[in-house]
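An overview of the molecular structure
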Amino acid sequence: MKAAVFHKIGDIRVDNVEDPRIEQSEDIIVKVTSTAICGSDLHIYDGFFLQLKDQVMGHEFMGIVEEKGPGLSKLKRGDRVVPFPIACGHCYFCNPDLPVHCENCEL
Ligand SMILES: [Zn+2]
Ligand SMILES: [Zn+2]
């Protein structure tokens, strides 16, 4: 699939990347229908947030569930979702409802 990939300060390109796959039982794969640039994307682009390795950009989006892991019972294929923030739902920060600080999220 194609994705906007950060390479270094001031250098974001549309690259071919590996298709996503279900790796953990609570993962979903979403077909993106709308997305936007976030302020944190701009901070990575301009170097304010240090990013040392290539990273697929664009964490603020909505779309349709295409696949889901076996650990999810409330979602089904075809559901419309806004999966922000991306969080594990069961770590030190997720448990007290602070999912934006999830220690298992890799944005
Ligand atoms: Zn954001
Ligand atoms: Zn978490």
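Preceding this section is the structure that the text describes.
Here the structure is a predicted model, which is why all the values come from computation and not from measurement. (Residues numbered from 1 in each chain as written. Chains lettered and ligands numbered in written order. Predicted model: local features only at pLDDT ≥ 70, side-chain atom pairs only at ≥ 80, totals over all residues. Heavy atoms only, no water.)

**Quick word on the packing of aromatic side chains**
Counting across every chain of the model gives 2 aromatic pairs. Both rings, one in Phe-48 and one in Phe-49, keep their centres 5.6 Å apart while their planes meet at 35°; by these two values the pair is tilted. Residue class for Phe-48 comes out exposed when judged on its relative accessible area of 61%. Taking the centre distance of 5.0 Å and the plane angle of 90° together, the rings of Tyr-92 and Phe-93 count as edge-to-face. Tyr-92 sits in the exposed class, given a relative accessible area of 62%. Accessibility expressed as a relative area gives 28% for Phe-93, which makes it partly exposed. (Phe/Tyr/Trp six-rings, centres within 6.5 Å; stacked < 30°, edge-to-face > 60°. Buried < 20%, exposed > 50% of the residue type's maximum accessible area, 1.4 Å probe, protein only.)

**Digging into the environment of His-7**
One can find His-7 in strand S1 (residues 2-8). Each C-alpha atom, one on His-7 and one on Gln-51, is 8.8 Å from the other, the two residues being 44 residues apart in sequence. In this structure, His-7 is in contact with Arg-13, Asp-15 and Asp-54, ignoring residues within four places of it in sequence. Among the polar contacts listed, one links the side chain of His-7 to the side chain of Asp-15, at a separation of 2.7 Å. Within the structure, His-7 has its side chain in polar contact with the side chain of Asp-54 (distance 3.2 Å). (Helix = DSSP H or I, 4+ residues; strand = E, 2+ residues; numbered from the N terminus. Contact = heavy atoms within 4.5 Å. Polar contact = N/O pair within 3.5 Å; in protein donor to acceptor, adjacent residues only side chain to side chain.)

**A word on the sheet that holds strand S2 (residues 11-16)**
The strand order across the open sheet built from 3 strands is S2-S1-S4, with neighbouring strands paired in antiparallel fashion. Two strands close off the open sheet at either side, each with one partner strand: S2 and strand S4 (55-56). (Pairing = 2+ DSSP bridges.)

**Remarks on the coordination of the zinc ion (ligand 1)**
Here the zinc ion (ligand 1) is held by Cys-38 (SG), His-59 (NE2) and Glu-60 (OE), and the distances to it run 1.9 to 2.1 Å. Between the donor residues of the zinc ion (ligand 1), the gaps in sequence give the motif C-x20-H-E. His-59 gets classed as buried once you look at its relative accessible area, which sits at 10%. (Donors = N, O, S within 2.8 Å, 3.2 Å for Na, K, Ca; no water.)

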